[in-house]
Amino acid sequence: MLLAGVASAQPRVSFIHNPPAQGRPGEPLTLEGEVSGGELTALSVYVRGPSEDWERFELELQYGDYWRGTLPASRMVPPWVVYYVVATTRAGRSDVFGSANRPVRVDIGAQGTKLKCKRVKKGKKWVQRCVEAGDDPPPSVEPDDPAPAEPEPEPEPEREPEPRPAPKSEPRAAPEREPEPEPQPVQKAEPGPELRAAPPPRSEVKAAQAASPPASELEEELALYGAEAAGGVVQRVAESAGEVSSLAPSVLTAAELKRRGVRFVYEALELVPGVSVSRDMQGNWRVAMRGLRADPEVLFTLNGQRLNNFYDAKALANLPVDNLERIEIFRGPATADVGLGNVTGLINLVTRRDVGFRDSGSGGRGMSFDGHANGAFVAGPVKVFGDVDVSSQEGQQLTVLRDGDTTDTGAKRTTDRRFLLNASLGAELSLDQLGTFEASGRVLYEDRSALLGLFDVVGPDSRLQWLTGQAQLGWRKTLDAGQLSVRAWFDQQTTDRLWQQTPSSYTDGAISFPDGAQEQHRFGVRGFGVSGRGDFKLPFNNLLSAGVQLEHQSIFSAELRSNVDTATNGNLGALQAPVGLRLPTEDGAGGRGPAADRFTGSVFVTDTWTPLDVVSVHAGLRFDLVQLPGGVTPGFGPRIGVTVTPIKSLALRANYGRSFRAPSPREYAEALPANGFNAGRFIGNLSLQPAYLDAVEAGAEYVQGLGEGRLRLRGTFFFERMTNAVVEIDTTGNLTPFSNRLLGVQSIGLEGEARLELTQRLHVWLNASWVRAEDLSTPAQSRLLTDVPQLRANGGVTLPLGPWLNLDFVARFASERRNNTRSVLELIRRYTLPGYATFTAQLRTEPIFDHVELLLLGQNVFNFEYADDATRPDRVPGGVPRDGWSLFGQAKVSF
Amino acid sequence: MRTWISLVTAAALAGCAAYNDQCQPLVEDPNERVAFVATGTELFLDRPNTRHANNALGQQAADALVWVFSGGNQEAEFAVVNGGGLRAEGLCVTRNIIGAGPLTDGVLHEIMLFANFAQVIRLSDDEVRAVFEHSVRELFGAAVDLKTVSPDGQFLQVSREVQLTVDCALPPGARVTSLHLGGEEVPSPGRPLETRSWRMATSDYLINGGDGYQMLEDAKEGPLRSVTTAQRFGGVDSNITAAYFKQSTYNSTEAEGFQVDPGRITFNNCAVPARP
């Protein structure tokens, strides 16, 4: 799965930063700003004092594109320090604020204090020594060699750093969204307010030294007085619009996830504009992107490798967030290098691989106990990293007033028992000449109950098991004019789902099931692939990326058993294969089913061109050949985007993209026994046609500094149309095949975000989205798709409570949902799910002794009762209940 | 607190969300007239009158199924529609009686609520008889007050080609005393399928064994059955009936509107439904 995201084809990076005017001796200095125009693996600041070597520190991503770090107090020694900022992307490194030759200067002295400076000779060099006015003048180092009488150089007027011939359209790295094992290793310091100097690789030291040859006296003076920080609230170092992406993903960093009081991935996704999350009767989490909901249309990746199961496209993605560095959410088609499955959205989970060790444990309501650990260490050219999550819960047992079992009219309860194990280990070897090699593997195992049951009856003893194994091998090498990379991957998923279609001791007239009516599904799927790509810097501000990918996926085992007689609905006794049922792996003539295997060959090419400083154009094309039951089918995915930055801090974007959507094997070939318990479920349809999504998006983003703080605003308008949409609409009440909506479905809407950060610990954020989705194959008065909230709003505030405590408060709002009306049965099986509002409150400590953090989390603190839509709302009128109030405590330790 | 939150949320989010009209059927123009109920007649849609007597709309729906297959290579010789497929309850309004006058497409689609596909199947003499025996199996005798019972939806309304006589005093399974299709008697015992087969049009719901028509489900996969789905009007029975009405004289004037044909099924010793 080739997944080199936006950054790999994006223009160069810039760092919007307001340099501090002055620093105080012995006090740490915070450096912060916003990155635009690329996907970074690291953002480093090089600092030195007079006549010192450069020392490197790392800035840390806080949220979105916002980076921050603090120079330690030990670094803040009068008279001054100078610094410049370097961004590391997949394609290489580039100066994004200042440079070794023209760094930014920060005088160090008490605020308002005048400094007296004098040039003195130290050895063969003349250096400047400063003291605060009123102190003794600094001594000469060489009393026998007094400083020549030189006039004080005139301080240059404040000005912005001149636009420099920055590297043109450097190939970008798209680490976090790539399916590749890992982007360049992020040599970050431990998270925390204070940066620690990361020992730069030897090659980087050499590069830094090469970039800053020993300065002559004159050069050093010019560097000192020329690197004045310009005035202004916000400045753009490189004014070209080529730095700003035409896509606008949402990124939730580890720090942001912590502030939002979420424990699992889907809780975090609920707080993203344009994304709606719900659970179904079986307990599966479902994501709707911009009003459209279907598992095969949202691509989930973990460190760039697909998580979606080949058969039914469900993803074991409800992972704890503790080991995640970030979650990236793209709405609509991402760039052309993103693989198949990205139709309405892409969600990439990126795990932490920063050096150090971190672990945490938590417990709470519902007999919930979690443990998490992640860490990495570097030994020479080798880096080893790993993470592990163990999570178990009994869950809340919520009342279900009525279900499809009319023989039992008593109240029933949900069962939300779950055990999850997620473990990974990997290593990276960096060789100067040969490039970087990486290998990693991961195991995911889940054992849970069905939340309610398989279809419309509460079956409390269902057992659903899911085992996933992933492995990746990768190589990449940075060239002078770009980068090459090759990746190979493998994944295998097995599911064993034993459903209780009725509870035990079920009877209905002459029919009796002491163990309950049962149905067992066992599937095994496997996939492997290889990809290669190159990113090249071309003349005239062009960045070209091209790649090829080959992949094979297959269902290697399939089994379905039932104890229900399809003719009489009676009890067969033991589970057995229904007579005459054709599994997806069978063609009925002894051969492989046409949907059981899928070979995909893909090529992509993208180019980003910056013809003017304020305009950047991105174009891409993806071509896929996909093996489908109807034959080898081509898919085209053009992309085009334009970014304009008419003024500082304002970026205007527009883009168009098309995604190819192949039906899943389940949609093609799902087979179910035609017994009375399955009436109304969906079966495969080999006649399905592929679908296309065309998406248009336009938006604006504005960043404004407010003293120490900053305000960020973002707005987006979108329009999406899916041609030949694959849908499940019950038209008969019997086993109904998946079908295409020939006239398609479409959605239109708005998304807005605002974020105000007043201090490092005082934040306010708000986002809202509105969507209007329609099924165009339905008469006009019945066209609206209303099973997903049309209006969503989320907001939060983080407040410091003294030096050690923080209070986070998060609210979620959603509008009313009602049944769709695409068929008569949908029309008469009505439901109304009222709008809901839930609130989260969290108390957490600042790091104690730099290593320990404590947290107390309350979710849905007002115990708001709300539910999601059920498969048969006429039989389960109360819907699928969502959790009530919860309380968790957590302790974290990091080294 | 929850109530307050609900009210505030609803107030804040109201006005920006839109929803479908749940009382409108799934037709482009619900108010379009498709036919007239004939002057001086009424259309009864309660269960006794759709499941225990000749029903005007059920008969027209069956005639429409014959019409949609005409001219093709699988013409139907007769058609049946299950009485349970005619619904009085509608989407939001229950209609037990529709008086003389226009019948709109919207109301028609509320009555014929289940959008089943129209199919034709070849049956033998015995299978045809078995179908009609099953149809009248659960009819009530003359002494029963139909207002106190709920007749089964398996009872079949028939097209004009059918002349059926039933006697509710006879035991179930032997109630059909006379059966003619297109003027030709269906003998009992019947002839082999290869000798004489009957092409019957009905809904896929029945052909798949709905309402207990197991003999149809058993037959459909067999040789010579030639199960074919209607291609016109999406193959959907309610759409076919609307189209049939619109091109017929029933849509011309109220005087020429449709009404029940009492001669298609003759009931002996059977309960008679009253006016709803």
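Rules used throughout
- Residues numbered from 1 in each chain as written.
- Chains lettered and ligands numbered in written order.
- Predicted model: local features only at pLDDT ≥ 70, side-chain atom pairs only at ≥ 80, totals over all residues.
- Heavy atoms only, no water.
- Helix = DSSP H or I, 4+ residues; strand = E, 2+ residues; numbered from the N terminus.
- Rg over C-alpha atoms; globule rule 2.2 N^0.38 Å.
- Buried < 20%, exposed > 50% of the residue type's maximum accessible area, 1.4 Å probe, protein only.
- Contact = heavy atoms within 4.5 Å.
- Areas by Shrake-Rupley, 256 points an atom, 1.4 Å probe, with all protein chains shown as cover.
- Lys, Arg positive; Asp, Glu negative; His and termini not counted.
- Charge placed at Lys NZ, Arg CZ, Asp CG, Glu CD.
- Salt bridge = Lys/Arg side-chain N within 4 Å of Asp/Glu carboxyl O.
- Disulfide = S-S within 2.5 Å.
- Pairing = 2+ DSSP bridges.
- Patch = residues over 30% accessible without salt bridge, like charges linked within 9 Å, V, L, I, M, F, W, Y side chains within 5 Å.
- Core = buried A, V, L, I, M, F, W, Y, C linked by side-chain atoms within 4.5 Å.
- Buried area = accessible area lost by both parts, 1.4 Å probe.
- Polar contact = N/O pair within 3.5 Å; in protein donor to acceptor, adjacent residues only side chain to side chain.
- pLDDT = per-residue confidence, 0-100.
- Phe/Tyr/Trp six-rings, centres within 6.5 Å; stacked < 30°, edge-to-face > 60°.

**With respect to the overall build of chain B**
For chain B, the count of helices and strands is eight helices and 13 strands. Its C-alpha atoms give chain B a radius of gyration of 21 Å, near enough to 19 Å, the size a compact globule of 276 residues would have. Reported as C-alpha extents along the three principal axes, the dimensions of chain B are approximately 75 × 45 × 45 Å. Buried residues in chain B amount to 53% of all 276 residues. Considering only residue pairs separated by 6 or more positions, chain B has 81% of its internal contacts joining residues 24 or more positions apart. When the accessible area of chain B is evaluated, it comes to approximately 11,500 Å², of which 51% is carbon and sulfur surface. With 21 positive and 33 negative side-chain charges, chain B shows a separation of 2 Å between the mean positions of the two kinds.

**Overview of the overall build of chain A**
Within chain A, the regular secondary structure consists of six helices and 54 strands. When each of the 895 residues of chain A is scored for burial, the buried share is 60%. Pairs at least 24 residues apart make up 69% of the contacts formed inside chain A by residues separated by at least 6 positions. With an accessible surface of roughly 32,600 Å², chain A has 59% of that area assigned to carbon and sulfur atoms.

**Brief notes about the pattern of salt bridges**
Considering all chains together, one arrives at 79 salt bridges over all chains under this definition. Between Glu328(A) and Arg326(A) there is a salt bridge, with the nearest N and O atoms lying 3.3 Å from each other.

**Here we look at the state of the cysteines**
All names here are of chain B. Taken as a whole and assessed by the stated rule, the structure comprises two disulfides over all chains. Disulfide partner of Cys 23: Cys 92, at an S-S distance of 1.8 Å. With the S-S bond torsion at -90°, the cross-link from Cys 23 to Cys 92 turns out left-handed. Of the two residues, Cys 23 sits in the loop between α1 (2–13) and β1 (33–37) while Cys 92 sits in the loop between β3 (78–82) and β4 (97–98), which places them 69 residues apart along the sequence. Residue classification places Cys 23 among the partly exposed positions, given a relative accessible area of 34%. One disulfide in the model links Cys 168 with Cys 270; its S-S distance is 1.8 Å. On the sign convention where negative is left-handed, the bridge of Cys 168 and Cys 270, at about 90° about the S-S bond, is right-handed.

**Quick word on the sheet that holds strand β19 (residues 345–351) of chain A**
Residues and elements named next belong to chain A. Strand order in this open sheet of five strands is β12-β18-β19-β16-β17, and the pairing throughout is mixed. In this open sheet, the two strands that pair with only one neighbour each are β12 (250–253) and β17 (305–306). Direction of pairing for strand β16 (residues 298–302) relative to β17: antiparallel, over a ladder of two bridges. Of the residues in β17, the one forming a bridge with Thr 301 is Arg 306.

**Details of a nonpolar patch on the surface**
On the surface, a nonpolar cluster with roughly 710 Å² of combined accessible area is contributed by Leu799(A), Leu801(A), Trp804(A), Leu805(A), Leu843(A), Leu856(A), Trp885(A) and Leu887(A). Structurally, Trp885(A) is set in the loop between β53 (880–881) and β54 (886–894).

**Details of the nonpolar core**
If you look at the biggest cluster of nonpolar residues, it comprises 37 residues, and the most contacted ones within it are Leu43(B), Phe69(B), Ile98(B), Leu103(B), Leu108(B), Phe245(B) and Phe258(B). Listing elements by their share of this core, those giving two or more residues are β1, α3 (56–69), β3, α4 (105–111), β6 (118–123) and α8 (237–247) of chain B. Tallying contributions element by element places α3(B) first for this core, with ten residues. Ignoring sequence-local partners within four residues, the contact set of Leu108(B) consists of Val34(B), Leu57(B), Leu103(B), Ser238(B), Thr241(B), Ala242(B) and Phe245(B). By size, the runner-up hydrophobic cluster in this structure holds 32 residues, among which are Leu257(A), Leu269(A), Leu271(A) and Phe300(A).

**Points about the interface of chain A and chain B**
Across the contact, 35 residues belong to chain A and 24 residues belong to chain B. Interface area for chain A against chain B, summed over the two sides, is near 2,700 Å², with a carbon-plus-sulfur share of 61%. When residues of chain A are sorted by the area they lose upon contact with chain B, Gln781(A), Val824(A) and Arg830(A) head the list and together hold 21% of the total. Counting across the interface, chain A meets chain B through zero salt bridges. At the boundary of chain A with chain B, the tally comes to ten residue pairs in polar contact (both at pLDDT 80 or more). For the side of chain A that touches chain B, the elements supplying multiple residues, two or more each, are β45 (762–775), β47 (805–814), β48 (817–818), α6 (824–828) and β50 (836–845) of chain A. Here the side of chain A that touches chain B gets four residues from one element, more than from any other, and that element is α6(A).

**Details of the pairing of strand β6 (residues 66–71) of chain A**
Residue and element names in this part refer to chain A. Counting buried positions over the six residues of β6 gives six, a clear majority of the element. Along β6, one buried face is formed by Tyr 66, Arg 68 and Thr 70 and the opposite face, lined by Trp 67, Gly 69 and Leu 71, is buried too. Bridge count for strand β3 (residues 29–36) against β6 is six bridges, and the pairing is antiparallel. Paired with Leu 29 across the strands is Leu 71, a residue of β6.

**Overview of the pairing of strand β46 (residues 791–801) of chain A**
Residues and elements named next belong to chain A. Of the pairings in the sheet, the one linking β45 to β46 comprises eight bridges and is antiparallel in character. By the bridge assignment for β46, Asn 767 is matched with Asn 794. Looking at chain direction, β46 and β47 are connected through ten bridges and run antiparallel. Paired with Asn 794 across the strands is Arg 812, a residue of β47. Where β46 folds back onto β47 in an antiparallel hairpin, the turn is made up of three residues, including Gly 802, whose phi is positive at roughly 75°.

**Topic: the environment of Gly709(A)**
All names here are of chain A. Within the secondary structure, Gly 709 sits in strand β40 (residues 709–723). Take Gly 709: its relative accessible area is 7%, and that puts it in the buried class. Residues Gly 709 and Glu 757, 48 residues apart in the sequence, show an inter-C-alpha distance of 5.2 Å.

**Comments concerning the environment of Thr88(A)**
For Thr88(A), the position within the fold is in strand β7 (residues 80–89). Each C-alpha atom, one on Thr88(A) and one on Glu39(A), is 8.8 Å from the other, the two residues being 49 residues apart in sequence.

**Topic: the confidence of the model for chain A**
For any part of a model where pLDDT is low, the fine detail of the predicted coordinates should not be relied upon. Residue and element names in this part refer to chain A. Here chain A shows a mean pLDDT of 83. Residues at 70 or above account for 83%. In the predicted structure, residues 1–11 sits below a pLDDT of 50 and forms 87 contacts with residues beyond four places in sequence or in another chain. Segment residues 135–244: pLDDT under 50, and 319 contacts once partners within four positions in sequence are set aside and those in other chains are kept.

**Overview of the environment of Asp480(A)**
All names here are of chain A. Looking at the element boundaries, Asp 480 is found in the loop between β27 (463–479) and β28 (482–500). Classification of Asp 480 by relative accessible area gives exposed; the value is 78%. Sequence separation between Asp 480 and Phe 536 is 56 residues; the distance between their C-alpha atoms is 9.1 Å.

**Section: the side chain of Arg829(A)**
Residues and elements named next belong to chain A. Locating Arg 829 in the fold gives a position in the loop between α6 and β49 (832–833). A distance of 2.9 Å separates a polar atom in the side chain of Arg 829 from a polar atom in the side chain of Asp 730. Beyond its immediate sequence surroundings of up to four residues, Arg 829 is in contact with Asp 730, Gly 733, Asn 819, Arg 872, Pro 873 and Asp 874.

**Regarding the packing of aromatic side chains**
Each aromatic ring pair is described using two quantities: the centre-to-centre distance and the angle formed by the ring planes. Residue and element names in this part refer to chain A. Evaluation of the coordinates by the stated rule reveals 25 aromatic pairs over all chains. With centroids separated by 6.4 Å and ring planes inclined at 85°, the aromatic side chains of Phe 15 and Phe 97 adopt a geometry described as edge-to-face. Of the two residues, Phe 15 is situated in strand β1 (residues 14–17) and Phe 97 in strand β8 (residues 92–97); the sequence distance between them amounts to 82 residues. Owing to a relative accessible area of 1%, Phe 15 belongs among the buried residues under this scheme.

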